[in-house]
Amino acid sequence: MVKWTEEERCTIRDVWEKVDIDEIGPQVLTRQNIISFKRHTLATFGDIFTNTSILNNPKVAHRGKVVLRSIDKAVRNMDRIQETHAALSRLHYEGVDPDNFKLLGDCITITIACKLKEALNPQVQAVWQKFLCAVVETSKIRCQKYVGNNKP
Amino acid sequence: MSLTAKDKDTVRTFWAKISGREDDVGTDALSRMLRVYPQTKTYFSHWTDLSPGSAPVKKHGKTVIGGVADAVAKIDALSSGLLSLSELHAFTLRVDPANFKILGHCILVVMAMMFPNDFTPEVHVAMDKFLAALALALSEKYR
């Protein structure tokens, strides 16, 4: 379990308070899909084959909000991220390459950087990165656990 | 994955927009790399001060971003254009190429921070591909 200082908790909450999920969520997933060539993971989303279609795809935008709502839960439960995200474990295990978690984390940081600008100074980014790593590692552990035990 | 003509144009156009502030980008990116990814400090243990914005960080940030600017100018022939830099990193500095991706991410974060309206998703993907190609060119002499 990751340990947090009180200062780190405040830093993460300060960053997250400035994030409007309805605004930032769609931007995050848009960026991730434009950058990633592994677009087949969203094959049911319709047209995601050009940058323009990704930018205008309402399902991409909606998924972005869903993803950030799960990050919101992790922010509110920093000491229990693994338990908090347990409900997502089977869903991710069945269809998501774990490499995408890191890419998503990087896209979240870059999108937040556009929003926060100088407020995302090196010290703040370091704490935010620690938090994202905790979320990403939790997701990877779930995938490895299920693969290792051959659980359906 | 290679850079398309459109990617190259996007990189050149965005680089022209940040003209005059490249040194700030370099300093901030290096500061972040050392602070956010402390394992990278190992390459700079001879510096007296590794804190964000310190004199050695500013000086080296300028050197690094100068290298990136040179790569933008040589974007049509990165492998041949960056051969001597690749030799430097492989044989003298002995930098693990995994760190190129880390610094690349920090450069992208700083660009997003300093130029939020210009750092659109299309610019983001072009710069990401360019920095990946630059890292590959720097890795040329490692094997």
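As recorded by an unreviewed UniProt entry, chain B carries the name Globin domain-containing protein and is attributed to Oryzias sinensis.

By the naming in an unreviewed UniProt entry, chain A is Hemoglobin, beta adult 2, taken from Oryzias sinensis. Within the UniProt record for chain A, the comment given under Sequence similarities (unreviewed entry) is "Belongs to the globin family."

Peer 1: I keep staring at the overall build of chain A and nothing clicks. Help me out?
Peer 2: Counting secondary structure elements, chain A contains eight helices and zero strands. Secondary structure elements of chain A, listed N to C terminal, follow the sequence α-α-α-α-α-α-α-α. For chain A, with 152 residues in total, the buried portion stands at 49%. Restricting to contacts in chain A with at least 6 residues of sequence separation, those with at least 24 account for 74%. Surface exposure of chain A reaches about 8000 Å², of which carbon and sulfur atoms provide 53%.

Peer 1: Even after reading the chapter, I still don't get the nonpolar core, so can you show me in this structure?
Peer 2: Nonpolar side chains tend to gather and get buried jointly when the protein is soluble and globular. Counting 86 residues, the largest nonpolar core has Ile108(A), Trp128(A), Phe131(A), Phe119(B), Met127(B) and Phe130(B) as its most contacted members. Setting aside residues no more than four positions away along its own chain, Phe119(B) makes contact with Arg31(A), Ile110(A), Cys114(A), Phe14(B), Leu108(B), Met111(B), Ala112(B), His124(B) and Met127(B).

Peer 1: Got a minute to help me understand the packing of helix 7 (residues 99-116) of chain A against helix 6 (residues 98-114) of chain B in this structure?
Peer 2: How two helices pack is summed up by the angle between their axes together with the distance between the axes. One way to put it is that helix 7 of chain A packs onto helix 6 of chain B with a least axis distance of 7 Å and a crossing angle of 30°. The pairing of helix 7 of chain A with helix 6 of chain B is recorded here as roughly parallel in orientation. Handedness of the crossing formed by helix 7 of chain A with helix 6 of chain B: right-handed. Counting all contacts with helix 7 of chain A, which are made through Asp106(A), Thr109(A), Ile110(A), Ala113(A) and Cys114(A), the residues of helix 6 of chain B involved are His105(B), Leu108(B), Val109(B), Ala112(B) and Met113(B). Residues of the contact of helix 7 of chain A with helix 6 of chain B, tallied by class, amount to seven nonpolar, two polar and one charged.

Peer 1: Sorry if this is basic, but what is going on with the pattern of salt bridges here?
Peer 2: Close approach of charged atoms allows side chains with opposite charge to pair. Residues and elements named next belong to chain A. All told, the structure shown has 16 salt bridges over all chains when counted by the stated rule. A salt bridge links lysine 102 to aspartate 106; the nearest nitrogen and oxygen atoms lie 3.0 Å apart. Placement of the pair is lysine 102 and aspartate 106 together in helix 7, with a separation of four residues, close to one helical turn.

Peer 1: What am I meant to see in the packing of helix 2 (residues 22-36) of chain B against helix 3 (residues 55-73) of chain B here?
Peer 2: All names here are of chain B. Relative to each other, helix 2 and helix 3 sit at 115°, their axes nearing to 7 Å. In terms of axis orientation, helix 2 runs roughly perpendicular to helix 3. Of the two possible hands of crossing, helix 2 and helix 3 adopt the one that is right-handed. Two secondary-structure elements touch here, helix 2 through Glu22, Asp23, Val25, Gly26, Thr27, Leu30, Ser31 and Leu34 and helix 3 through Val57, Lys58, His60, Gly61, Lys62 and Ile65. Along the lines of polarity and charge, the residues of the contact of helix 2 with helix 3 split into five nonpolar, five polar and four charged.

Peer 1: Explain the interface of chain B and chain A here, please?
Peer 2: Often the size quoted for an interface is simply the accessible area lost on bringing the parts together. Contacts between chain B and chain A engage 21 residues on the former and 21 residues on the latter. Both faces combined, the contact of chain B with chain A buries some 2000 Å², and carbon together with sulfur accounts for 67% of it. Summed over the three residues of chain B that lose the most area to chain A, namely Met113(B), Pro121(B) and His124(B), the buried surface amounts to 25% of that side. On the surface where chain B and chain A come into contact, there are zero salt bridges.

Peer 1: Looking at this structure, I do not really get the layout of surface pockets. What am I missing?
Peer 2: It is a probe the size of a water molecule, rolled over the atoms, that shows where empty space is left. The calculated volume of the largest pocket comes to roughly 1300 Å³. Residue lining of the largest pocket: 45 residues in total, with Leu103(A), Asp106(A), Lys101(B), Asp128(B) and Ala132(B) positioned closest to the centre. For the lining of the largest pocket, the elements supplying multiple residues, two or more each, are helix 7 and helix 8 (122-149) of chain A together with helix 4 (78-81), helix 6 and helix 7 (121-138) of chain B. Sort the elements by how many residues they give to the lining of the largest pocket and helix 7 of chain B lands first, with nine residues. Residue composition of the lining of the largest pocket, by class: 25 nonpolar, 10 polar and 10 charged.

Peer 1: Help me out: how do you make sense of the side chain of Ser70(A) in this one?
Peer 2: Inspection of the secondary structure assignment puts Ser70(A) in helix 4 (residues 58-76). Beyond its immediate sequence surroundings of up to four residues, Ser70(A) is in contact with His85(A) and Leu88(A).

Peer 1: Would you mind going over the packing of aromatic side chains with me for this structure?
Peer 2: The geometry of an aromatic ring pair is captured by two quantities: the separation of the ring centres and the angle between the planes. Going through the model one piece at a time under the given rule, you end up with seven aromatic pairs over all chains. Arranged with centres 5.3 Å apart and planes meeting at 40°, the rings of Trp128(A) and Phe131(A) form a pair that is tilted. Taken together, the residues Trp128(A) and Phe131(A), both in helix 8 and three residues apart, mark about one turn of the helix. As far as the burial class goes, Trp128(A) and Phe131(A) line up, both buried. Ring geometry for Phe100(B) and Tyr142(B): centres 6.3 Å apart, planes at 80°, overall edge-to-face. Of the two residues, Phe100(B) sits in helix 6 while Tyr142(B) sits in the segment after helix 7, which places them 42 residues apart along the sequence. An aromatic cluster is built from Trp4(A), Trp16(A), Trp128(A) and Phe131(A), whose rings are joined through pairwise contacts.

What counts and what doesn't
Residues numbered from 1 in each chain as written. Chains lettered and ligands numbered in written order. Predicted model: local features only at pLDDT ≥ 70, side-chain atom pairs only at ≥ 80, totals over all residues. Heavy atoms only, no water. UniProt positions renumbered as here; feature names shortened; annotations may be inferred. Helix = DSSP H or I, 4+ residues; strand = E, 2+ residues; numbered from the N terminus. Buried < 20%, exposed > 50% of the residue type's maximum accessible area, 1.4 Å probe, protein only. Contact = heavy atoms within 4.5 Å. Areas by Shrake-Rupley, 256 points an atom, 1.4 Å probe, with all protein chains shown as cover. Core = buried A, V, L, I, M, F, W, Y, C linked by side-chain atoms within 4.5 Å. Axes fitted to C-alpha atoms, helices over the stretch in contact; angles between N-to-C directions. Parallel < 35°, antiparallel > 145°, perpendicular 65-115°, else oblique. Left-handed = near helix turned anticlockwise from the far one by under 90°. Nonpolar A, V, L, I, M, F, W, Y, C, P; charged D, E, K, R; others polar. Salt bridge = Lys/Arg side-chain N within 4 Å of Asp/Glu carboxyl O. Buried area = accessible area lost by both parts, 1.4 Å probe. 1 Å grid on protein atoms, 1.4 Å probe; cavity = no way out; pocket = protein on both sides within 12 Å on 5 of 7 lines; lining within 4 Å. Points joined across faces, edges and corners; volume = space filled by probe spheres on them. Phe/Tyr/Trp six-rings, centres within 6.5 Å; stacked < 30°, edge-to-face > 60°.

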